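One-letter residues, chain by chain:
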Amino acid sequence: MVATPIGNLRDITLRALDTLKSVDVIAAEDTRHSARLLAHYDIRTPLVALHEHNEQHIGRKLIKALQSGQSVALISDAGTPAISDPGAILVSLAREAGIRVVPVPGANAAIAALSAAGLRTPGFLFVGFLPAKGTQRRQVLTMLREIPATLVFYEAPHRILESVADIAAVLSGTRSITFARELTKTFETIHTCRLDQAVHWLDADPVRQRGEFVLLVDGAPPTEQQGVPGDVRRTLEILLDELPLKQAVKLAAAISGVKKNALYDLALTLNPGKK
Ligand code: SAM
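What counts as what
Residues numbered from 1 in each chain as written. Predicted model: local features only at pLDDT ≥ 70, side-chain atom pairs only at ≥ 80, totals over all residues. Heavy atoms only, no water. Helix = DSSP H or I, 4+ residues; strand = E, 2+ residues; numbered from the N terminus. Buried < 20%, exposed > 50% of the residue type's maximum accessible area, 1.4 Å probe, protein only. Contact = heavy atoms within 4.5 Å. Areas by Shrake-Rupley, 256 points an atom, 1.4 Å probe, with all protein chains shown as cover. Lys, Arg positive; Asp, Glu negative; His and termini not counted. Charge placed at Lys NZ, Arg CZ, Asp CG, Glu CD. Domains from an automatic or database assignment. Polar contact = N/O pair within 3.5 Å; in protein donor to acceptor, adjacent residues only side chain to side chain. Near = heavy atom within 4 Å. Nonpolar A, V, L, I, M, F, W, Y, C, P; charged D, E, K, R; others polar.

1. Some remarks on the overall build of the chain
Consideration 1: Helix and strand counts for the chain come out as 12 helices and eight strands.
Consideration 2: Once the C-alpha set of the chain is aligned to its principal axes, its extents read approximately 75 × 40 × 35 Å.
Consideration 3: Evaluated residue by residue, the chain yields a buried proportion of 43% over its 275 residues.
Consideration 4: A separation threshold of at least 6 residues defines the contact pool for the chain, and within that pool the share at least 24 residues apart is 68%.
Consideration 5: Within the structure as shown, the chain displays about 14,800 Å² of accessible surface, and the carbon and sulfur contribution to it stands at 54%.
Consideration 6: Averaging the positions of the 31 positive and the 28 negative side-chain charges in the chain gives two centres separated by 3 Å.

Shown next as structure tokens:
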């Protein structure tokens with residue numbers, strides 16, 4: 001399982017190049033796409049196409065080749081194979097057949113985005129692509145709403161606007177989103193804003209909707225803050241826009257009867273750095 005670049009052709013490990021040169025065959029998602037990478041590194045190993053529509057069939061053929069003593073490297077169009085890409089079926093067939101599967105790690109868009117975003121939530125949940133249909137997409141988002149870890153999504157340019165609109169509508173608008181666009185490429189952009197400003201940011205310049213995206217959404221606030229009902233949270237948000245933090249918390253507590261401590265913690269999450 002050999003990771004290849006997610007844009008910049010130099011993001012490939014020495015071990016990946018050695019492996020691709022020395023194996024008997026390379027299984028690739030799109031052989032024409034991968035041929036360019038291989039030509040760049042003067043690698044002449046034969047290619048065979050393995051994609052989501054033929055993985056079972058070609059997978060079984062590759063298992064036979066492996067059993068006869070051949071070696072096979074699997075690559076995808078970009079990044080780490082089997083991560084939102086084909087590969088899992090071939091790997092499970094190989095493991096069931098007692099064949100050793102070796103990861104040759106390297107580029108991955110989600111990890112690259114997380115490493116450069118500076119998010120402080122301790123954990124993250126890799127979601128990958130959301131469903132293409134709006135109803136299903138919103139159902140999945142509703143299930144993710146209370147998860148305290150950073151949510152990591154992949155998205156393509158033709159669906160970025162509708163997906164971000166749904167993310168903002170289903171998750172709280174005060175959470176932050178980081179757009180990690182075209183990583184390692186010429187127009188690499190990393191931008192963080194509040195979810196309720198995200199569609200506006202995309203709309204402000206059509207160029208921002210082009211290319212490949214990783215979206216990172218701040219985790220849900222800790223459980224004690226989730227105990228704050230939605231309408232009280234809204235009241236607090238409005239007060240925070242107008243007043244110093246302590247005063248906003250005091251008033252929200254007086255209006256709602258919710259404990260000051262819970263509102264104070266929530267206020268700090270909503271407006272970090274505000275006094
Ligand atoms: N296997 C890949 C990996 O390890 O990241 C992911 C493959 S998935 C089919 C393609 C998606 O990954 C894109 O739609 C985008 O969401 C994300 N992606 C890939 N390359 C990217 C890049 N250079 N910048 C931002 N996102 C990228």
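2. Observations regarding the domain arrangement of the chain
Consideration 1: Examined at the domain level, the chain breaks down into domain 1 (14-96), domain 2 (109-217) and domain 3 (230-270).
Consideration 2: Put simply, the middle of domain 1 and the middle of domain 3, counted by C-alpha atoms, are 55 Å apart.

3. Some words on the environment of R181
Consideration 1: By the secondary structure assignment, R181 is in strand β6 (residues 176-181).
Consideration 2: Taking the C-alpha atoms as reference points, R181 and E55, separated by 126 residues in sequence, lie 29 Å from one another.
Consideration 3: In contact with R181, other than residues within four places in its own chain, are F187, E188, T189, V207, R208, R210, E212 and F213.
Consideration 4: A polar contact is formed between the side chain of R181 and the backbone oxygen of F187, at a distance of 3.5 Å.

4. What to know about the site of the ligand
Consideration 1: Neighbouring the ligand are 19 residues, the closest being T80, D85, N108, Y154 and F213.
Consideration 2: For the ligand, the accessible surface in isolation is 570 Å², of which the surrounding protein chains cover 92%.
Consideration 3: A class-by-class count of the residues in the shell around the ligand yields 10 nonpolar, four polar and five charged.
Consideration 4: For the shell around the ligand, the two domains that each supply at least three residues are domain 1 (14-96) and domain 2 (109-217).

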